[in-house]
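Structure at a glance
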Amino acid sequence: MKLYEKYPIHLSNSLSGEKEKFETIVPGFVGMYVCGPTVYNYVHLGNVRTFLTFDILSRYFRFLGYKVRYVRNITDVGHLEGDVDEGEDKIGKKAQLEQLEPMEIVKRYTEDFHTVTRQFNILPPSIEPSATGHIVEQINITKKLIDLGLAYEVNGSVYFDVKKYNQSHHYGILSGRNIEDLMESGRDLDSQDEKREKIDFALWKKASPQHIMRWPSPWGEGFPGWHIECTVMSTKYLGETFDLHGGGMDLKFPHHECEIAQATGANGKSPVKYWIHSNMLTVNGQKMSKSSGNSFLPSELFSGSHALLQKGYSPMTVRFFMLQSHYSSTLDFSNEALIAAEKGYKKLSNALTLVKALSHSGNSTINTEAEKNLSDLIDQCYQTMSDDFNTAKTLAVLFEMASQINTWVSQKELLNEVNAEGFKKFKATYISFMEEALGLKEEKSVNNNLLDGTINVLIELRKKVRMDKNFALSDKIRDDLKGIGIQLKDGKDGEMSYEIEQ
Ligand code: AMP
Ligand code: ZN
């Protein structure tokens, strides 16, 4: 029996609004798609929370024995300021501001995103497609929607006809809205002259002469709308209907609602079985966002340089902090909460180090109650995670397990009350839930004096090598150190220093 059969997952499906048993379309396989970042700026901790949520989902699916194809895109075109059909492309605007090519912006912030995800031990997806790599597919589906009478062209732009779609489907099915209310409340914007109704949304936009990111299309030069990229990339790699689609709660409407309409319109079936929305990271109750000016960058968090922080915190402390709440609740970010998380995480991490070194003598005088306690704790780890990925409850179970580990360390004889097999299973469960399912690594504190001394030896050696004009070796020392996250810096006075990349 597979673990996913023994501990079936139940998850909150935003589409039905109910907690449902998770049953995949193809037994044993999970196809999941998550909206990736718009790479026009550094990722902040709010973004990290959403990507962490889906890291937990994909990790736990694999943990239970599913084969997972996880697609998470990179949005490198079409996401306009204010999330609407007018305004500048976020990436194009930044490129103009910095006098760079849009693809230089995309490269810089995609790399930042990858660095940050690695720091937080967020695993890479199986496929990471980009919107600009799928222009042809976006044009094709737009053509198809025009042919089906669900989209129309005006002045080189193409819009989705929401009213027409709603005649045979329900636009608003995901966000619980109805088209009449939406038509009343829609925003009045420039392109309304072009649109038949203000709730219609762009599949393709004509590029104005000053717009940098542009491609040829049957409707003239332009660029794709934001929603169509996700429809194209999800269905291309996962099929017309796939298991799970995720993203932050703020994407539910209009982005995900439009995705459903586009895919259902084009393929005649609803694209996604389970929709999962992760809730927002807030600061003093307000959503963390770049535009509100209340965002924290991971680097400010590690160094403690942000005005609201008393000191720096490690990536695993923050990971632990985020896992302490259920993904569907908002989570408020504060210095106090991080101090508490640091303590909590240390306790679990210490127990991890201790249990790895702990072994059973093989002799036991069994105490059935102690044995049952162990197997109950093991069971609870799975039960809590399978209950809608309740990491908060799983951590509570791991705390109980950590206390048990500490007791064994201080009173070794108590280990003989359980049999060797039971202990082995308990140990393996603690380690694997910490490291694999929750992605909480041990953070060993570095002995700073020793590290400082060692790098200074290397710096001196490199000086000598340079004097001997052996530049190849000097470069190798610098590059190898960089490879392990230590960057050498040339000072003005010829002195070298170093910096550890977090
Ligand atoms: P963006 O790069 O703006 O497209 O956002 C990337 C992802 O981060 C989306 O899934 C957003 O829903 C999510 N996100 C943005 N702000 C927050 C926040 N404060 N808390 C949680 N997730 C967020
Ligand atoms: Zn998306």
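Since the model is a prediction, treat every value here as computed from it, not as a measurement.

1. Here's the deal with the domain arrangement of the chain
When the parts come together, some accessible area is lost, and that loss is often what is quoted as the size of the interface. If you check the domain split of the chain, you get domain 1 (3–278), domain 2 (293–437) and domain 3 (448–500). Each of domain 2 and domain 3 has a C-alpha centre, and the two are 38 Å apart.

2. Considering helix 5 (residues 135–147)
The first and last C-alpha atoms of helix 5 sit 18 Å apart over 13 residues, in line with the 18 Å expected at 1.5 Å per residue. Along helix 5, the residues classified as buried are Ile-135, Gln-138, Ile-139, Ile-141, Thr-142 and Leu-145. The buried residues of helix 5 occupy an angular sector of 165 degrees when projected down its axis, which confines them to one face. Every exposed residue of helix 5 that faces more than 90 degrees away from the buried side is listed here: Val-136 and Asp-147.

3. So, the nonpolar core
Membership of the largest hydrophobic core comes to 131 residues, with the highest contact counts inside it found for Met-32, Leu-45, Tyr-60, Phe-61, Phe-333, Leu-398 and Tyr-430. Ranked by residue count, the leading element in this core is helix 2 (residues 45–63), at 10 residues. Three or more residues apiece are contributed to this core by two domains, here domain 1 (3–278) and domain 2 (293–437). Dropping the residues within four chain positions of it, Met-32 is found in contact with Phe-54, Leu-57, Ser-58, Phe-61, Val-68, Arg-69, Tyr-70, Val-71, Leu-238 and Leu-244. One finds Ile-455, Ile-459, Ile-477 and Leu-481 within the second-largest nonpolar core, a separate group that totals seven residues.

4. Some thoughts on the side chain of Ser-58
Here Ser-58 lies in helix 2. If we ignore the near neighbours within four places in the chain, the residues touching Ser-58 are Met-32, Val-68 and Tyr-70.

5. Structural notes on the coordination of the zinc ion (ligand 2)
On the protein side, the zinc ion (ligand 2) has Cys-35 (SG), Cys-230 (SG) and His-255 (NE2) as donor atoms, found 2.1 to 2.2 Å from it. Read N to C, the donor residues that coordinate the zinc ion (ligand 2) are spaced as C-x194-C-x24-H. Note that Cys-230 is positioned in helix 8 (residues 226–238) and His-255 in helix 9 (residues 252–267), a separation of 25 residues in sequence. Here the two residues Cys-230 and His-255 agree in accessibility, since each one is buried.

6. Re a nonpolar patch on the surface
Together, Ile-25, Val-26 and Phe-29 line one region of the surface with nonpolar side chains, adding up to about 270 Å² of accessible area. Summarising the element assignment, Ile-25 is placed in the loop between strand 2 (18–21) and strand 3 (29–34).

7. Here's the deal with the layout of surface pockets
The space that makes up the second largest pocket amounts to roughly 860 Å³. Around the second largest pocket, the lining is made up of 33 residues, and of these His-44, Asn-47, Lys-90, Asp-250 and Lys-287 lie nearest the centre. When residues of the lining of the second largest pocket are traced back to their parent elements, those giving at least two are helix 2 and helix 8. If one sorts the elements of the lining of the second largest pocket by residue count, helix 2 sits on top with five residues. Considering only residue class, the lining of the second largest pocket consists of 11 nonpolar, 15 polar and seven charged.

Rules used in this analysis
- Residues numbered from 1 in each chain as written.
- Chains lettered and ligands numbered in written order.
- Predicted model: local features only at pLDDT ≥ 70, side-chain atom pairs only at ≥ 80, totals over all residues.
- Heavy atoms only, no water.
- Domains from an automatic or database assignment.
- Helix = DSSP H or I, 4+ residues; strand = E, 2+ residues; numbered from the N terminus.
- Expected span 1.5 Å × (residues − 1).
- Buried < 20%, exposed > 50% of the residue type's maximum accessible area, 1.4 Å probe, protein only.
- Arc of directions from axis to C-beta.
- Core = buried A, V, L, I, M, F, W, Y, C linked by side-chain atoms within 4.5 Å.
- Contact = heavy atoms within 4.5 Å.
- Donors = N, O, S within 2.8 Å, 3.2 Å for Na, K, Ca; no water.
- Patch = residues over 30% accessible without salt bridge, like charges linked within 9 Å, V, L, I, M, F, W, Y side chains within 5 Å.
- Areas by Shrake-Rupley, 256 points an atom, 1.4 Å probe, with all protein chains shown as cover.
- Salt bridge = Lys/Arg side-chain N within 4 Å of Asp/Glu carboxyl O.
- 1 Å grid on protein atoms, 1.4 Å probe; cavity = no way out; pocket = protein on both sides within 12 Å on 5 of 7 lines; lining within 4 Å.
- Points joined across faces, edges and corners; volume = space filled by probe spheres on them.
- Nonpolar A, V, L, I, M, F, W, Y, C, P; charged D, E, K, R; others polar.

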